[in-house]
Amino acid sequence: MEFKHFNSKIGGLALKGFFFSIDALIAVGVALSFAALISTATPTTQQFNEYYLFRTAQSTLAVMDADGVLSTISNMTPFQAKPYLDLQLRQTLPPNVDGRIEVDIYNCVDSACDNFTLNNRIFGQQILSTTSSKVSIAQRIFSYPGSTWQTTYFEIATVQTWFDNGGFK
Amino acid sequence: MKGVVFTLLTFMLFLFLFELVASLNHSGASTILPQEINKRITNVFSNIAENIPKTVQVEITKNQNNLTISDSLPPTINIQSSLQAFQNFINFSIPQDLNVSFLNPAMQTVPLTSLNPPFQIQPLNVNYTYPSNNWGKTQQLIYCPNASTCNNFSIHLNYTINQTFQCNPQNASSCTGVNSYGSNEFSWSPQPDNCAGGPPCINFTLSITDNQGHTYACSSNAAGAVPCPFNSTSLSGNAATLQIGILQSSVCKFKFTIGGNIANGPLLQTRMLDNNNNTCGEVFSNTTFTFNTTTFYVSLPTYLRVLDLNSNTSKTDSIFQ
């Protein structure tokens, strides 16, 4: 009798311990689930960096157009335009961002201006001097109507941006 | 036994939570695609909309509570051809999985060449336009919906003309009939009343420069210059009207009208016309509105739709800056 009572007491304790362990495990699981939920819902620094680079590339094109940089190059030779574009790009970009610009200039083929020819492709620095794996790209078209179809032209400008210091930590 | 059932139920609840987290993670990954599509559509939309003013030879600049519209009257380009060329270039350059279309107010597809003024300054409902709302640009017209709206902003006008004033306004002795309000060559009839009867009034500054660099400015009382002591006028009665004689032609006049009863006419009208109402000179204008709000935008009465054909996602809105 004594032995049987002892065994059932031990068995009851073991069962309680088992449930306690399971409960603890579940609690840890639930806590981990919520932690995972929170981490997926919060934007990461990497996402912020990508957004910053993209917005910088977009703004750079808008500023360079407003400053007349993109219309000025149509009157330059590629030899003149490349260093000019690089200089203007460096002056426009924030200090922690580097970039590259490429501008394709299209002219109308005929008076109806319903087809176009690539008249010139002007680009700044050719080699991406970056160790950054993330490069953001913005592209915009610009219309420059002229008094005749011969003086009407369009540009497709592309700016690539990347961090030269690894970005925001 | 109850404990086992309870534990199993709790375990199943845990598994359910785990599944929930996994599915949320999965759905989070798939929502990146619509966001990217929306970003792309919005970029193409704003890119096209930003090019429209330049295509119709107008520049629009916003700076805090100031809005400046730079214009050429008449245009030095063929605006219909310019719009057609731009639409052709859109079709040429936009990726094939995007569709760009222009819609009239009834939401019917129209060619870009059917785009017409006015430039609507919203939400103030002030219209910047030309006669018959077309791009001939023979006159500059500004309409205000009511006097109380116009009373709340000022307008700063800078004009440059490609003709020569009949006399140099900076040297009044070269002009005839100079009095305290002007001269025969720079004559107001009626004159602005400087808001003598009280509001509603329109406050303004005016500067006109000819091709010799001579400038007639209001309000100005510079020594030796033809005076123009006006800076506002009432929004009732007759509009104040300025006529400036042109050296090259006795019938060509620069005419400027402001204020008066805006229920029956424009708030402002500028033109260079001869006796037959034909345009007799070019006017390059910079019109700056200073509002008491920074919340405004400029739109045209045509809608632009950018459609992503793969996802059938689109953005449709008025063409605005």
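Look up: the structure comes first, before these words.
Residues numbered from 1 in each chain as written. Chains lettered and ligands numbered in written order. Predicted model: local features only at pLDDT ≥ 70, side-chain atom pairs only at ≥ 80, totals over all residues. Heavy atoms only, no water.

Caption draft 1: Summary view of the environment of Thr161 of chain A. Residue and element names in this part refer to chain A. As for its placement among the helices and strands, Thr161 is situated in strand S4 (residues 153-163). Taking the C-alpha atoms as reference points, Thr161 and Thr56, 105 residues apart in sequence, are found 7.5 Å from one another. Every residue in contact with Thr161, bar those within four places of it in the chain, is listed here: Leu53, Ala57, Leu93, Val97, Asp98, Gly99, Lys134, Val135 and Ser136. (Helix = DSSP H or I, 4+ residues; strand = E, 2+ residues; numbered from the N terminus. Contact = heavy atoms within 4.5 Å.)

Caption draft 2: Broad picture of the pattern of salt bridges. Considering all chains together, one arrives at nine salt bridges over all chains under this definition. Here Asp65 of chain A and Lys54 of chain B are joined by a salt bridge, their closest N and O atoms 3.3 Å apart. A residue pair is termed interchain when its members come from two chains, as with Asp65 of chain A in helix H2 (residues 45-66) and Lys54 of chain B in helix H2 (residues 32-55). The exposure class of Asp65 of chain A is partly exposed, given its relative accessible area of 21%. (Salt bridge = Lys/Arg side-chain N within 4 Å of Asp/Glu carboxyl O. Buried < 20%, exposed > 50% of the residue type's maximum accessible area, 1.4 Å probe, protein only.)

Caption draft 3: Structural context of the packing of aromatic side chains. A full pass over the atoms with the stated rule returns 28 aromatic pairs over all chains. Cation over ring: Lys39 of chain B sits above Phe54 of chain A, and NZ or CZ is 4.2 Å from the ring centre. (Phe/Tyr/Trp six-rings, centres within 6.5 Å; stacked < 30°, edge-to-face > 60°. Lys NZ or Arg CZ within 6 Å of the ring centre and 35° of its normal.)

Caption draft 4: Expanded view of unusual backbone geometry. Residues and elements named next belong to chain B. Geometrically, the link from Gln122 to Pro123 is a cis peptide bond, its omega value of 5 degrees lying close to zero. Here Pro123 lies in the loop between strand S5 (119-122) and strand S6 (126-129). Cis geometry is found at the peptide bond from Ser189 to Pro190, where omega equals -10 degrees. Turning to its location among the elements, Pro190 is positioned in the loop between strand S9 (186-188) and strand S10 (201-209). Phi at Asn277 takes a positive value of approximately 60 degrees, unusual for a residue other than glycine. You can see Asn277 is positioned in the loop between strand S15 (268-273) and strand S16 (283-290). Classification of Asn277 as exposed rests on a relative accessible area of 56%. Phi at Asn312 takes a positive value of approximately 60 degrees, unusual for a residue other than glycine. By secondary structure assignment, the location of Asn312 is in the loop between strand S17 (297-308) and strand S18 (313-320).

Caption draft 5: Broad picture of the pairing of strand S13 (residues 240-245) of chain B. Residues and elements named next belong to chain B. Most of S13 sits out of view: five of its six residues are buried. Relative to strand S14 (residues 253-258), S13 runs antiparallel, the two sharing six bridges. Its bridge partner being in S14, Gln243 is matched across the sheet by Lys255. (Pairing = 2+ DSSP bridges.)

Caption draft 6: Inspection of H2 of chain A at higher detail. Helix length check: H2 of chain A (22 residues) gives 31 Å between terminal C-alpha atoms against 32 Å at 1.5 Å per residue, within 8%. Three or more residues of H2 of chain A are buried, namely Asn49, Leu53, Phe54, Thr56, Ala57, Gln58, Thr60, Leu61 and Met64 of chain A. (Expected span 1.5 Å × (residues − 1).)

Caption draft 7: Structural view of the environment of Asn261 of chain B. Residues and elements named next belong to chain B. Looking at the secondary structure, you find Asn261 in the loop between S14 and S15. C-alpha separation for the pair Asn261 and Gly237, spaced 24 residues apart in sequence, amounts to 5.5 Å. The residues touching Asn261, leaving out its near neighbours within four places in the chain, are Leu235, Ser236 and Gly237. A polar atom in the side chain of Asn261 sits 3.1 Å from the backbone nitrogen of Ala263. (Polar contact = N/O pair within 3.5 Å; in protein donor to acceptor, adjacent residues only side chain to side chain.)

Caption draft 8: Spotlight on the state of the cysteines. Enumeration over the complete set of coordinates arrives at six disulfides over all chains. The side chain of Cys108 of chain A participates in a disulfide bridge whose partner is Cys113 of chain A; the two sulfur atoms lie 1.7 Å from each other. By relative accessible area, Cys108 of chain A is classed as buried at 7%. In this model, Cys195 of chain B is linked to Cys201 of chain B through a disulfide, with the two sulfur atoms separated by 1.9 Å. Taking the sign of the torsion about the S-S bond as the criterion, the disulfide between Cys195 of chain B and Cys201 of chain B, at about 85 degrees, is right-handed. Looking at Cys195 of chain B, the relative accessible area reads 23%, which means it is partly exposed. Residue classification places Cys201 of chain B among the buried residues on the basis of a relative accessible area of 2%. Sequence-ordered numbering of the disulfide-bonded cysteines in chain B gives the connectivity 1-2, 3-4, 5-6, 7-8, 9-10. (Disulfide = S-S within 2.5 Å.)

Caption draft 9: Just the sheet that holds strand S2 (residues 116-123) of chain A, in detail. All names here are of chain A. Read from one edge of the open sheet, four strands run S2-S1-S4-S3, paired in antiparallel fashion. Of all the strands in the sheet, the pair left with one neighbour each is S2 and strand S3 (136-144). Averaged over neighbouring strand pairs, the angle between their axes works out to 20 degrees when direction is ignored. Pairing between strand S1 (residues 97-108) and S4: eleven bridges, direction antiparallel. Counterpart to Asp104 in the pairing with S4 is Ile156. (Axes fitted to C-alpha atoms, helices over the stretch in contact; angles between N-to-C directions.)

Caption draft 10: Spotlight on the packing of H2 of chain A against helix H4 (residues 78-92) of chain A. Residues and elements named next belong to chain A. Between H2 and H4, whose axes approach to 10 Å, the crossing angle comes to 120 degrees. Between H2 and H4, the angle is such that the two are oblique. Remark: the crossing between H2 and H4 carries right-handed chirality. In contact with Thr60, Val63 and Met64 of H2, H4 contributes Leu85, Gln88, Leu89 and Thr92. For the contact of H2 with H4, a count of residues per class yields four nonpolar, three polar and no charged. (Parallel < 35°, antiparallel > 145°, perpendicular 65-115°, else oblique. Left-handed = near helix turned anticlockwise from the far one by under 90°. Nonpolar A, V, L, I, M, F, W, Y, C, P; charged D, E, K, R; others polar.)

Read these as spatial facts, not as claims about activity.
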